[in-house]
Amino acid sequence: MINTSIENILDRALLGYDLSPQEGVVLLKQTDPKAIAAIRSTADQLRYNQVGDTVTYIINRNINFTNICEQHCSFCAFRRDDGDAGAYWLDWGQILEKSQDAVRRGATEICMQGGLNPQAQINGKSLPYYLKLVATIKQAFPHIHLHAFSPQEVQFIARLDELDYATVIAALRDAGVGSMPGTAAEVLDDEVRKVLCPEKIDTATWLEIVSTAHKLGLPTTSTMLSGHIETPEQQIGHLEKLRSLQQTAINQGYPAKITEFIVLPFVGQEAPKSLRRRVGRDQPILADALLLGAVARIYLGNWIPNHQPSWVKLGLAGAKEALVWGCNDIGGTLMEEHITTMAGAVGGTCMEVESLQNAIASLKRPYQQRDTLYQKVLSRGLYYF
């Protein structure tokens, strides 16, 4: 028998009630194998109730256009200063070449993010540079979905050019950006952020920028960088902020909202030594990531139904396991991935479509290609709405 209070929490979740933050913390703190098994089973059942049995995937490509960055996040092994060994900044031709390769390989999405490079300007302004990045891709491939520029990048552009966030987001949207990655969230708790990323935007700014994107019709994703110095209470606080953000978008009738939630377990193998020593390990603990993913499904699923693990961070076997802990999407092909790989992740930088399909099929679950906004892709260029 599991604890009666755990049973009651899970029963209420199965009836469609939202968890309270206190209930979420109780679930995250469970160590008894029977309780954890019940949490897994509940998350899997809710996944089935909310989105069905089909597991989705996307054919996409990452383009990290520069690793030159003015900030010094304690977990980041990707960033470089200008002039450092390994520093790079792609030119327009390289951007176009990578985009052409993505389209040739069937991608429906290009995900583009980069370091905060103060030199990335045209005529002394930052926004025109980012708009040219977008135009370089969209003029050549108008039908590709551009999933680009995190809330941190929006704040960076706005600060350098002395613009408000809405002006920057609207300009990027009008240029052809189709959705915003919900990265730079790390953990939405300012005490954690003071240690992890003291130069990054604070929690309130991240939430403001994402909510502004929703008001302006730009969908976003949501993420959590987990498994480092944060507590269960801070993890649930993060989920509560995301749920509230999504409720606002839905209840206010905004034209866009959060499309998915992704757990991003911390990889510390090549991270700066101070945080590595504090965390005390190099690779994610799969059991912790699975439990957090299951609780996230229970906590968020009524409002954010699509949940995705990171095969880059967990490996394909770990990501496949997450599909029976509440996840319904296995992510994308990526084609190249630098940020996590440079931190020492073991999952690789590219995944073939057949590998994703085989992983899903091994669970006796159907698979379906999707686009960025979770519409079915029947064949290249043909969509089912």
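Residues numbered from 1 in each chain as written. Predicted model: local features only at pLDDT ≥ 70, side-chain atom pairs only at ≥ 80, totals over all residues. Heavy atoms only, no water.

By the naming in an unreviewed UniProt entry, the protein chain goes by 5-amino-6-(D-ribitylamino)uracil--L-tyrosine 4-hydroxyphenyl transferase and is assigned to Nostoc cycadae WK-1. Recorded under Sequence similarities (unreviewed entry), the UniProt text for the protein chain is reproduced unchanged: "Belongs to the radical SAM superfamily. CofH family." Looking at the Catalytic activity (unreviewed entry) heading of the UniProt record, one finds this comment for the protein chain: "5-amino-6-(D-ribitylamino)uracil + L-tyrosine + S-adenosyl-L-methionine = 5-amino-5-(4-hydroxybenzyl)-6-(D-ribitylimino)-5,6-dihydrouracil + 2-iminoacetate + 5'-deoxyadenosine + L-methionine + H(+)". (UniProt positions renumbered as here; feature names shortened; annotations may be inferred.)

Turning to the sheet that holds strand 5 (residues 177–179), a few remarks are in order. The four strands lie next to each other as 2-3-4-5, forming an open sheet whose pairing is parallel. With one partner strand each, in any of the chains shown, strand 2 (60–64) and strand 5 form the two edges of the open sheet. Taken over all neighbouring pairs, the strand axes of this sheet differ in orientation by 40° on average, direction set aside. Pairing geometry for strand 2 and strand 3 (residues 109–113), over five bridges, is parallel. Bridging from a neighbouring strand, N64 pairs with Q113 of strand 3. (Pairing = 2+ DSSP bridges. Helix = DSSP H or I, 4+ residues; strand = E, 2+ residues; numbered from the N terminus. Axes fitted to C-alpha atoms, helices over the stretch in contact; angles between N-to-C directions.)

One open sheet accounts for three strands, arranged 6-7-8; its pairing is parallel. The strands lining the two open edges of the sheet, one partner per strand, are strand 6 (220–226) and strand 8 (307–308). Of the pairings in the sheet, the one linking strand 7 (residues 258–265) to strand 8 comprises two bridges and is parallel in character. Paired with F261 across the two strands is H307, which belongs to strand 8.

A separate point is the packing of aromatic side chains. A complete count under the given rule lists nine aromatic pairs for this structure. Arranged with centres 6.3 Å apart and planes meeting at 80°, the rings of F65 and F149 form a pair that is edge-to-face. A residue pair is termed long-range when its members are at least 10 positions apart, and F65 in the loop between strand 2 and helix 4 (92–104) and F149 in the loop between strand 4 (145–148) and helix 6 (151–161) qualify at 84 residues. In this structure, F65 and F149 share a single accessibility class: buried. Here W92 and Y129 contribute two aromatic rings whose centre-to-centre distance is 5.2 Å and whose plane-to-plane angle is 40°, an arrangement assigned as tilted. (Phe/Tyr/Trp six-rings, centres within 6.5 Å; stacked < 30°, edge-to-face > 60°. Buried < 20%, exposed > 50% of the residue type's maximum accessible area, 1.4 Å probe, protein only.)

Moving on: the pattern of salt bridges. Here the structure, examined in full by the defined rule, presents 16 salt bridges. The partner of D81 in a salt bridge is R79, with the nearest N and O atoms 2.6 Å apart. On the basis of relative accessible area, R79 is assigned to the buried category, the value being 14%. With its nearest N and O atoms 2.9 Å apart, the salt bridge here joins D174 to R173. Through salt bridges with shared partners, a single ionic network connects D44, R47, D53 and R365. (Salt bridge = Lys/Arg side-chain N within 4 Å of Asp/Glu carboxyl O.)

Rolled over the atoms, a probe with the dimensions of a water molecule shows which regions are left empty. By the definition in use, this model includes two cavities of 30 Å³ or more. Of the pockets and cavities examined, the second largest cavity occupies roughly 110 Å³. Surrounding the second largest cavity, 16 residues form its lining, V263, A289, G293, P309 and C327 being those nearest its centre. Broken down by secondary-structure element, the contributors of at least two residues to the lining of the second largest cavity are strand 7, helix 12 (286–300), strand 8 and helix 13 (311–322). Ranked by residue count, the leading element in the lining of the second largest cavity is helix 12, at five residues. Partitioning the lining of the second largest cavity into residue classes produces 13 nonpolar, three polar and no charged. (1 Å grid on protein atoms, 1.4 Å probe; cavity = no way out; pocket = protein on both sides within 12 Å on 5 of 7 lines; lining within 4 Å. Points joined across faces, edges and corners; volume = space filled by probe spheres on them. Nonpolar A, V, L, I, M, F, W, Y, C, P; charged D, E, K, R; others polar.)

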